[in-house]
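Examination of the molecular architecture
Given next are the chains, with one letter for each unit.
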Amino acid sequence: MKWAQTTFAATALALAATPMAQDDATATEVAKDSVLMQALRDELARSMQELQLEDAQRPYFLAYRVFENAASSATASLGGLLNVNNGQNRQLVVELRVGDYDFDNTNFMSLRNASAMLPAIAAISVDDDYDTLRRQIWLATDTAYKRALDQLAGKRAALQNKTQVEEVADFTREEPYRFDGWTESRIDPSPAPDLAVQVSAVMQGMPHLSRSEVRVLTSYDRSWFVNSEGSAFVRETPFIGLYALAASQADDGAELQDGVHVWVRHWDEMPDSTALTAKVQAMANHLLERREAPVADRYSGPVLFEDQAAAELVTQVLGPRLIALRLPTPDNPQMEQAFAQFRNPFLDKIGGRVLPRFLSIVSDPTLEAHEGVPLHGRQPVDDDGVPARRIALIERGMLKTLLSTRTPLAEVPASSGSRWRDAPVPSNIIVQPTRGMSAEELKEELFLLAEDRGLDHAIVVRRIGTRLAKLSAGTFGFFGPEASNVEPLIGVYKVYPDGSEKRIRLASLSAFSESDFRDIVAVSDATTRHETGFSPIPPGVPAASGGIWPISVITPALLFEDVTVRRPPGNIRKPPVAPHPLAKD
């Protein structure tokens, strides 16, 4: 399956604006007067009327998506600027369907004619020249139409000798929706290099850090959409991100990584230098503590996930199971068997219990803030032109539905307004407890469970690594039967009944899956908010295969009765022969 390739703009925060009133116009005056929108509308109308090859079918649906991005990046290390990049681009994606809503050219993959399966994507001019834009849109549409005809012919040929077990439409019908979020706003990229240099200088004079760098990204992402059903929108998402990343190597050669990431929408929301310096220094100090901490022993017993660790656990393990991805029908039996392993098991659990009865989960892209703090997962409309809305996914432990797009499944026949590029993606994930404990009661329950197993200590995890921002460490990580679905545990502690704690250098979860969430024994009554990156890739598939999108997660602390924590699998690289050049005798 091909996942969308993204730029830094793909990590932009989903900023909302107020939807325009729905009327007979295809857009408000601002968007309608833009040269790009006019070119899209005119070429769409002409294509729907005139696009036909000999006796072939005309398209029954056509949509244009233009992702316009003005982005910059600055990278610095130890107070020295490494590189600065600035750029602007527009990418046109043509979605053209031949057939009808019940049966069309989509949801199919052929190895015999692989080129026909490629999406019609083209770079188009960033200058608002009407004639140039019309020509580029016309050529991309022509390519999409010819590919669609090839896809439809191949799909009919592949299915003519098969009996379809499930009669599921290929596309849902939706009411037209219009939204105009156009502004004349921009982000000034000029502060980025100085900020990267200033923050990276904090890590000077820290010989325990083997690598460090600070990346400052700015992105102003404007998405344009128009389709043949009458939907249209312009959506803007400003984004500024700071990533302070560092690595340290223990005496045995094990590399430890950590990072600080800050996301804002405007420069005046960025924390001041004092606050940023404090965050980076604390991160560097934690790396020093971990470097000198003991390696993890194998532990099986109760584990409490607090704060960021609880949010990451929900995002990395449960999150990919909350989306409904329809796997394409291939024309190859071996590929069909290979695809089967990626089927979401939660599709068969709708109506069944997947969490304890005292927990519910909603995805709410309309929620602006939590306890006065803006949520970065908000978005007004999805990339199908369907208005975003609150979706109750799990109620009192029972799975009600999954997040979906206009590509229906038998189990999830309607769109939830959750498409982001090529896949459904959650926005603000909210884990809601109906019965929780205070922090003291939760710790008491943790030690009671440990005592029942004859253990003199328990494990508390406060931080889990994230794939959103980290130093590169080679093309591939560890794979195999002992590989974990969860990023390494970078804030893990042995805790004792007397209140003492001992930090563990690094650990991983063994054989942890979405089914373990049913066995949560208790949660906190208080919830905390965290920003993280979500990937629609199923657990066990390398994250590099697809995009990572920023979302907000609100969750209580989670107490599991039986979790196995162990040393990360795989071999350790030998430390460098010569000592760190900044090390002192």
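Heads up: the structure comes first, above all this text.
Digging into the overall build of the protein
When its secondary structure is counted, the protein shows eight helices and 24 strands. Within the protein, the proportion of its 585 residues that are buried is 53%. Just so you have it, the protein exposes about 25,900 Å², and 49% of that area is on carbon and sulfur atoms.

Structural notes on the pattern of salt bridges
Taken as a whole and assessed by the stated rule, the structure comprises 38 salt bridges. Between Glu43 and Arg46 there is a salt bridge whose closest N-O contact spans 3.0 Å. Of this pair, Glu43 and Arg46 both sit in helix H2 (residues 35-50), three residues apart, which is roughly one turn of the helix. The exposure class assigned to Arg46 is partly exposed, which follows from its relative accessible area of 32%. Where salt bridges share partners, they join Arg65, Glu95, Arg97, Asp104, Asp384, Arg419 and Asp422 into one cluster.

Describing helix H5 (residues 273-292)
In this model, H5 (20 residues) spans 29 Å end to end at C-alpha, consistent with the 28 Å of a helix rising 1.5 Å per residue. The set of residues buried in H5 consists of Leu276, Val280, Met283, Ala284, Leu287 and Arg290. Projected onto a plane normal to the axis of H5, the buried residues spread over an arc of 120° and lie on a single side. Relative to its buried face, H5 has exposed residues pointing more than 90 degrees away, namely Thr274 and Glu292. Buried positions along H5 lie against helix H4 (191-200), strand E7 (232-249), strand E8 (255-264), strand E20 (489-495) and strand E21 (501-504).

Considerations on helix H6 (residues 307-318)
End to end, H6 covers 16 Å across twelve residues, agreeing with the expected 16 Å (1.5 Å per residue, within 8%). Here H6 lies mainly inside the structure; eleven of its twelve residues are buried. Listing the buried residues of H6 in full gives Gln308, Ala309, Ala310, Ala311, Glu312, Leu313, Val314, Thr315, Gln316, Val317 and Leu318.

Digging into the nonpolar core
In terms of nonpolar packing, the biggest core is built from 69 residues, with Phe305, Leu313, Ile361, Val461, Leu509, Phe517 and Phe560 touching the most fellow members. The greatest single-element share of this core, amounting to nine residues, is contributed by strand E24 (residues 549-566). Excluding residues within four positions of it along the chain, Val461 makes contact with Val303, Leu304, Phe305, Glu306, Ala309, Leu489, Gly491 and Val492. Counting 30 residues, the second-largest nonpolar core is a separate cluster that includes Ala192, Met206, Val216 and Leu276.

A word on the environment of Ser535
Its location among the elements puts Ser535 in the loop between strand E23 (520-534) and E24. Among the residues examined, Ser535 registers a relative accessible area of 3% and is labelled buried. Along the primary structure Ser535 and Arg467 are separated by 68 residues, whereas in three dimensions their C-alpha atoms are 8.9 Å apart.

Let's talk about the packing of aromatic side chains
Going through the model one piece at a time under the given rule, you end up with ten aromatic pairs. Taken together, a centroid distance of 4.8 Å and an interplanar angle of 65° make the contact between Phe61 and Phe171 edge-to-face. Taken as a pair, Phe61 in strand E1 (residues 59-77) and Phe171 in the loop between helix H3 (130-159) and strand E5 (178-180) lie far apart in primary sequence, 110 residues in all. Across the pair, Phe171 and Phe61 agree in class, each one buried.

Details of the pairing of strand E2 (residues 80-98)
Pairing of E1 with E2 involves 18 bridges; the strand directions are antiparallel. Within E2, the position partnered with Ala63 by the bridge is Glu95. Sheet topology note: the E2/strand E4 (residues 120-124) ladder contains five bridges and is antiparallel. Bridge assignment links Val93 to a residue of E4, and that residue is Ile121.

Observations concerning the pairing of E7
The element E7 is extensively covered by neighbouring structure, given that 18 of its 18 residues are classed as buried. When E5 meets E7, the two strands line up parallel, connected through three bridges. For Asp180, the partnering residue across the bridge sits in E7 and is Val234. Across 16 bridges, strand E6 (residues 211-227) lies against E7 in antiparallel orientation. Along E7, the bridge assignment pairs Arg211 with Ala247. Two successive antiparallel strands, E6 and E7, enclose a turn made up of four residues, where Gly230 displays a positive phi of approximately 110°. As judged from the ten bridges shared by E7 and E8, these two strands associate in the antiparallel manner.

Comments concerning a negative patch on the surface
There is a patch of like negative charges on the surface, built from Glu440, Glu441, Glu444 and Asp525. Per element, the largest residue contribution to the negative patch is three residues, and it comes from helix H8 (residues 439-452). Mapped onto the fold, Asp525 is located in strand E23.

Quick look at the packing of H2 against H3
Viewed as axis vectors pointing N to C, H2 and H3 meet at an angle of 40°, and their least axial separation amounts to 9 Å. In terms of orientation, H2 lies oblique with respect to H3. The chirality of how H2 crosses H3 is right-handed. For the pair H2 and H3, contact is made by Val35, Leu36, Gln38, Ala39, Leu40, Asp42, Glu43, Arg46 and Ser47 and by Tyr130, Leu133, Arg134, Ile137, Trp138 and Thr141, respectively. Grouping the amino acids of the contact of H2 with H3 by side-chain chemistry returns eight nonpolar, three polar and four charged.

So, unusual backbone geometry
A positive phi is found at Leu78, a non-glycine position, where the angle reads about 55°. Along the chain, Leu78 falls in the loop between E1 and E2. The class for Leu78 is partly exposed, based on a relative accessible area of 34%. Positive phi values are uncommon outside glycine, yet Arg421 reaches one of about 60°. Checked against the element boundaries, Arg421 lands in the loop between strand E16 (419-420) and strand E17 (423-424).

About the thresholds
Residues numbered from 1 in each chain as written. Predicted model: local features only at pLDDT ≥ 70, side-chain atom pairs only at ≥ 80, totals over all residues. Heavy atoms only, no water. Helix = DSSP H or I, 4+ residues; strand = E, 2+ residues; numbered from the N terminus. Buried < 20%, exposed > 50% of the residue type's maximum accessible area, 1.4 Å probe, protein only. Areas by Shrake-Rupley, 256 points an atom, 1.4 Å probe, with all protein chains shown as cover. Salt bridge = Lys/Arg side-chain N within 4 Å of Asp/Glu carboxyl O. Expected span 1.5 Å × (residues − 1). Arc of directions from axis to C-beta. Contact = heavy atoms within 4.5 Å. Core = buried A, V, L, I, M, F, W, Y, C linked by side-chain atoms within 4.5 Å. Phe/Tyr/Trp six-rings, centres within 6.5 Å; stacked < 30°, edge-to-face > 60°. Pairing = 2+ DSSP bridges. Patch = residues over 30% accessible without salt bridge, like charges linked within 9 Å, V, L, I, M, F, W, Y side chains within 5 Å. Lys, Arg positive; Asp, Glu negative; His and termini not counted. Charge placed at Lys NZ, Arg CZ, Asp CG, Glu CD. Axes fitted to C-alpha atoms, helices over the stretch in contact; angles between N-to-C directions. Parallel < 35°, antiparallel > 145°, perpendicular 65-115°, else oblique. Left-handed = near helix turned anticlockwise from the far one by under 90°. Nonpolar A, V, L, I, M, F, W, Y, C, P; charged D, E, K, R; others polar.

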